[in-house]
Amino acid sequence: MSLEIDNKFEQVIQKFAPQSKLLRSWSLKGGISAQMTALEIAQPDGQVQKIVIRQHGPLDLKRNPKVAADEFKLLQILKAAGLSIPTPLYLDQSGEIFPTPYIIIEYIDGAPEFAPTQIDEQIPQFTSHLARIHAINCSKLDLSFLLDQTQFYSEKLRTRPAILDESLDEGHIRDVLEAAWPLTQRNFSTLLHGDYWPGNILWKCGQLAAVVDWEDAAIGDPLADIAISRLDLLWAFGIEAMQDFTRQYEALTSFDFTNLPYWDLCAALRPASRLASWAEDATSEQKMREGHRWFINQAFAKLS
């Protein structure tokens, strides 16, 4: 870290925990939409604490200028509900240190796993925690600040991009979705994580430690989350892991899966025109393209 940046982190610490001292700072890998920096600080009583500063990127801020405050409020609600998430510690919207708002959250000792040795034991944990998220009683919580997922896709389908990503069959996907939209509401709306994939799950010693990155949270059909997880599990671990996840989730819940092929196609729209930026290298991109082709073909087949 540069001296200038460390000075800013010192200022952050003095606002968050006066009289504490910055011991070290390091960037956390994996964040795409937000910049995350871990800080280790010495408190006045001699105890050492690790925290994370989370700064949202320009795309999130453009979509929702209040994204920091909204995510902080949601984390407070989810922590009270008993979910495995980082504890929200501090929100600064003053602009005195950084030009945009930031939040401070608990540092979780864990990491995403993309080559787990016990995938058969981790898929049930991955699945059951998503079912817990969807089981939260939204009627008793003030979640009106969250995005309406159906409205989001209605707007996305209303206007086509000037250039379609035909390498991912975007035109065909949109044709099918536009003809069916809006979908008949078959499930009650639930809280959605919005990007529930292996990269947003932290593990420690084979146990799920935390679900992170809640800036895409929304309210809507739980199948929207299921579809996103299905595609990402397919990319990360293959068809069998995706199918195991789907079967286990169905067994845990009583949701109607009739519209899953449509939500699969919604999930398949997300990487249009930006898949290359999601892939680590050309080999990974080619594998993702092949998986995407299989994924949309199974959805088209079910709808036909």
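Note that this is a predicted model, so its numbers are computed, not measured.

Caption draft 1: Focus on the pattern of salt bridges. Taken as a whole and judged by the stated rule, the model has 19 salt bridges. Residues Arg160 and Glu178 are paired through a salt bridge, measuring 2.9 Å at the closest nitrogen-oxygen approach. Here Glu178 lies in helix α6 (residues 170–180) and Arg160 lies in the loop between α5 (149–158) and α6, a separation of 18 residues in the sequence. For Glu178, a relative accessible area of 31% puts it in the partly exposed group. Here Arg293 ties to Asp169 by a salt bridge, and the two come within 3.4 Å at their closest N and O atoms. Here Arg293 is found in helix α11 (residues 282–303), whereas its partner Asp169 is found in the loop between α5 and α6, with 124 residues between them in sequence. By relative accessible area, Asp169 is classed as buried at 17%. Within the structure, one salt-bridge network assembled from shared partners comprises Arg54, Glu71, Asp213 and Glu215.

Caption draft 2: Representation of the packing of α6 against α11 within the structure. At a minimum axis separation of 12 Å, α6 and α11 run at an interaxial angle of 30°. Taken together, the axis directions place α6 and α11 in an arrangement best described as roughly parallel. For the crossing formed where α6 meets α11, the hand is left-handed. Across the interface between the two elements, His172, Ile173 and Val176 from α6 touch His292, Ile296, Phe300 and Leu303 from α11. Here the contact of α6 with α11 is built from residues that sort into five nonpolar, two polar and no charged.

Conventions used here
- Residues numbered from 1 in each chain as written.
- Predicted model: local features only at pLDDT ≥ 70, side-chain atom pairs only at ≥ 80, totals over all residues.
- Heavy atoms only, no water.
- Salt bridge = Lys/Arg side-chain N within 4 Å of Asp/Glu carboxyl O.
- Helix = DSSP H or I, 4+ residues; strand = E, 2+ residues; numbered from the N terminus.
- Buried < 20%, exposed > 50% of the residue type's maximum accessible area, 1.4 Å probe, protein only.
- Axes fitted to C-alpha atoms, helices over the stretch in contact; angles between N-to-C directions.
- Parallel < 35°, antiparallel > 145°, perpendicular 65-115°, else oblique.
- Left-handed = near helix turned anticlockwise from the far one by under 90°.
- Contact = heavy atoms within 4.5 Å.
- Nonpolar A, V, L, I, M, F, W, Y, C, P; charged D, E, K, R; others polar.

Nothing here speaks to function; it is all geometry.
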